[in-house]
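# Structure at a glance
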Amino acid sequence: MEFPFDKILIAPSDIDSQKLPVGQDIDQETYVLGAFNPGFCRLPNGNTLMMVRVAEALCEPRRGDRLQILRYDAGINSFTVDTYAADHFDFSDPRKHKFKNAEDVYALTSLSWLLPVELDEDGKNVVKIHYDKMILPQNDSQEYGVEDARITMIDGKYYMTACSVSSARHSTVLYTSTDGLNYVYEGLILDHQNKDMVFFPEKINGLYHALTRPQGELYFMDHRPENAPGPGMNVATSPDTLHWRPIAPVLLKPRQNTLLSRKLGSGPAPIRTPEGWLILFHAVSDEGLVGVYRTFWMLVDLDDPLKIIHEAFSDPLMEAYPDLTKDIQDAIYLPGVVFTTGVVEAEDYYMVASGELDLCCRITHIPRSTFALH
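The following paragraphs examine the structure supplied in this document.

Basis of the calculations
Residues numbered from 1 in each chain as written. Predicted model: local features only at pLDDT ≥ 70, side-chain atom pairs only at ≥ 80, totals over all residues. Heavy atoms only, no water. Helix = DSSP H or I, 4+ residues; strand = E, 2+ residues; numbered from the N terminus. Rg over C-alpha atoms; globule rule 2.2 N^0.38 Å. Buried < 20%, exposed > 50% of the residue type's maximum accessible area, 1.4 Å probe, protein only. Areas by Shrake-Rupley, 256 points an atom, 1.4 Å probe, with all protein chains shown as cover. Lys, Arg positive; Asp, Glu negative; His and termini not counted. Charge placed at Lys NZ, Arg CZ, Asp CG, Glu CD. Disulfide = S-S within 2.5 Å. Pairing = 2+ DSSP bridges. Salt bridge = Lys/Arg side-chain N within 4 Å of Asp/Glu carboxyl O.

Attention shifts here to the overall build of the protein chain. Along its length, the protein chain carries 1 helix and 27 strands. Computed over the C-alpha atoms, the radius of gyration of the protein chain is 20 Å, within 12% of the 21 Å expected from 2.2 N^0.38 for a compact globule of 374 residues. A principal-axis box enclosing the C-alpha atoms of the protein chain has dimensions of 60 × 50 × 45 Å. Out of the 374 residues belonging to the protein chain, those deemed buried represent 57%. Surface summary for the protein chain: the accessible area is close to 16200 Å², and the carbon and sulfur share equals 47%. Of the side-chain charges in the protein chain, 33 are positive and 53 negative, and the distance between the mean point of each set is 3 Å.

Have a look at this one:
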């Protein structure tokens, strides 16, 4: 599908290599492996903001027979490097190395942090990169990084969720802001193996609601033949945005023999429309080691977000678009991925922010008519 505006706004080469926080802490050279999966919001001055995930990696991850892994050490408030025997790892996945002798244990190839990038009001041009407001790991739950921000404004306040990665848990943390640019860390709000959490922009039946994505390595067969085992989207409620209770029914599970077959998870904050909550989400199909990530959409009931009232699953809304990244071919390490993480409303279209190929940030203008029900 072609769109009126569809462009890469931030790529690794746009990040100042002299301002990389991990490289400044350790006595080794680092580089930006990817600048992608941006949270997205409208600022009070009318401009838009991408909260970009910057994946910083070692230029020399292997030294002889040793593999080097980046880590944030909360005890000394600094980044450090750990080393392991390289022959203990499987290097087939460019995002993470699997321990050969341990079931489902990995080491990341980079360490991520968040960087605010201000765009103009229609999201077409970069105005300023706010290096002075980067969000770095700050406790033990973030020893392997902070990833994939989602931003929702509720009653004039910005709520930003992000994934925290550590040896103990893969969890969700919350940051809040009154201006969309300066954020305060509020702490862990979802524990073990739960990611892709995003808030609804208003209370429903007196409670805050959020989309979540519990994730594990153990799944059981579903008696409904259309469903496939694997991570799906759930809904949770909260009285205060800090304490969350999952709702038992699952909103959406992977679907057998479709482009949604391996796993799926939420994208941007849901958008209120006259027909229902518009939800954009990513789905992964069983193609290759990593799978292919695409963006789909659906509508759920305004008063009951577990009730799907329209599914648009036959054709993806967005796919990775090679023409957009043809000028940075040499930097591509992961094909077939578009990971939508933010939406800002405009008069007759939506500005959609996505990560492209786990490499760069893509802004797409999608006409509102795309989501019209016929």
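This part is about the state of the cysteines. Taken as a whole, this structure holds 0 disulfides when the rule is applied. The closest cysteine sulfur to the non-disulfide-bonded Cys163 is located on Cys361, 16 Å from its own sulfur. Classification of Cys163 as buried rests on a relative accessible area of 2%. Cys360 carries a free sulfur, and the closest cysteine sulfur to it, the one in Cys361, is 7.2 Å from it. Assessed through its relative accessible area of 0%, Cys360 is described here as buried.

Spatial strand order, β16-β17-β18-β19: 4 strands in an open sheet with antiparallel pairing. Looking at strand neighbours, the two that pair on one side only are β16 (194-199) and β19 (245-246), the edges of this open sheet.

For the rest of this paragraph, the subject is the pattern of salt bridges. Once the charged atoms of two side chains with opposite charge are near each other, the side chains can pair. Following the criterion strictly, the structure yields 20 salt bridges and no others. For Asp286, the salt bridge is made with Arg262, and the minimal N-O distance between the two is 2.9 Å. Separated by 24 residues along the polypeptide, Asp286 in the loop between β22 (277-285) and β23 (292-300) and Arg262 in the loop between β19 and β20 (263-266) bring together distant segments of the chain. Glu287 serves as the salt-bridge partner of Arg294, at 3.2 Å between the closest nitrogen and oxygen. The exposure class of Arg294 is buried, given its relative accessible area of 8%. Counted as one network, the salt bridges with shared partners bring together Asp6, Glu356 and Arg362.

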